[in-house]
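Chain and residue survey
The residues making up each chain are set out below.
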Amino acid sequence: YRTGDLVKAATQCPCKCGRSDLALDGGIERILDAGCGWGITGIWCAQQWGSEVVSMDADPAVFPYLDAVAALNGVSTTPWVQRFEKVQKKDLRQTDVLFGGDICFWDELVKPVGTMIDRAIDAGVGTIVIGDPERPTFHQMAEKAIQRHGGVLLNWRLTGSVKATGALLVIHND
């Protein structure tokens, strides 16, 4: 699968599957890519939408790789070494969209990711999208977030040479 296929499919969701649950169409200025790893989601957003991206990860060792991938794609992002539970409301005030992919894979991450979502809602982040290959820990976190803030859980599927399924937690904070 190519860089950004999932983000692209998700942002085209209303026209491809008749749903308005995830209506992102570009023009998104400020993105936080939480738990970014090598930063593929944020890099895609910077390249396709011209977004200003903050790439956040608890592991500072990911950033040289992220920077190399970003350079190969002709963009850059702002690195931020931070843990989910340490993200404060003031850190999120200028964020339009919070993306997180594959970030709730341990029991110990359910509460910190949920807390980050709570703070994003309080800070006025417009849209939150958290994707996962549907681990039980993700569903536990997503159910709590939906109970507190509304939102939907969208199933997704990649077909072609790579086949994968998962879910997207989408919360519009408007």
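For the structure itself, look to the data block above.
The text that follows walks through the structure, step by step, so that each part is easy to find. If you're wondering where the values come from, they're calculated on a predicted model, not measured in any experiment. (Residues numbered from 1 in each chain as written. Predicted model: local features only at pLDDT ≥ 70, side-chain atom pairs only at ≥ 80, totals over all residues. Heavy atoms only, no water.)

1. Things to note about the overall build of the protein
When helices and strands are tallied, the protein shows 7 helices and 7 strands. In the protein, the succession of α and β elements from N to C terminus is α-α-β-α-β-α-β-α-β-α-β-α-β-β. Looking at the protein as a whole, 45% of its 174 residues qualify as buried. Contacts spanning at least 24 positions in sequence make up 66% of the contacts within the protein whose residues lie at least 6 apart. About 8,900 Å² of surface is accessible on the protein, with carbon and sulfur atoms providing 49% of the total. (Helix = DSSP H or I, 4+ residues; strand = E, 2+ residues; numbered from the N terminus. Buried < 20%, exposed > 50% of the residue type's maximum accessible area, 1.4 Å probe, protein only. Contact = heavy atoms within 4.5 Å. Areas by Shrake-Rupley, 256 points an atom, 1.4 Å probe, with all protein chains shown as cover.)

2. Digging into the packing of aromatic side chains
The full count for this structure, using the stated rule, is 3 aromatic pairs. Considering the side-chain rings of Trp44 and Trp49, the 5.5 Å spacing of their centres and the 75 degrees angle between planes classify their relative orientation as edge-to-face. Here Trp44 and Trp49 have matching classes, each one buried. Ring centres 4.8 Å apart and planes at 70 degrees place the aromatic pair Phe105 and Trp106 in the edge-to-face group. (Phe/Tyr/Trp six-rings, centres within 6.5 Å; stacked < 30°, edge-to-face > 60°.)

Distances and angles like these do not, on their own, reveal function.
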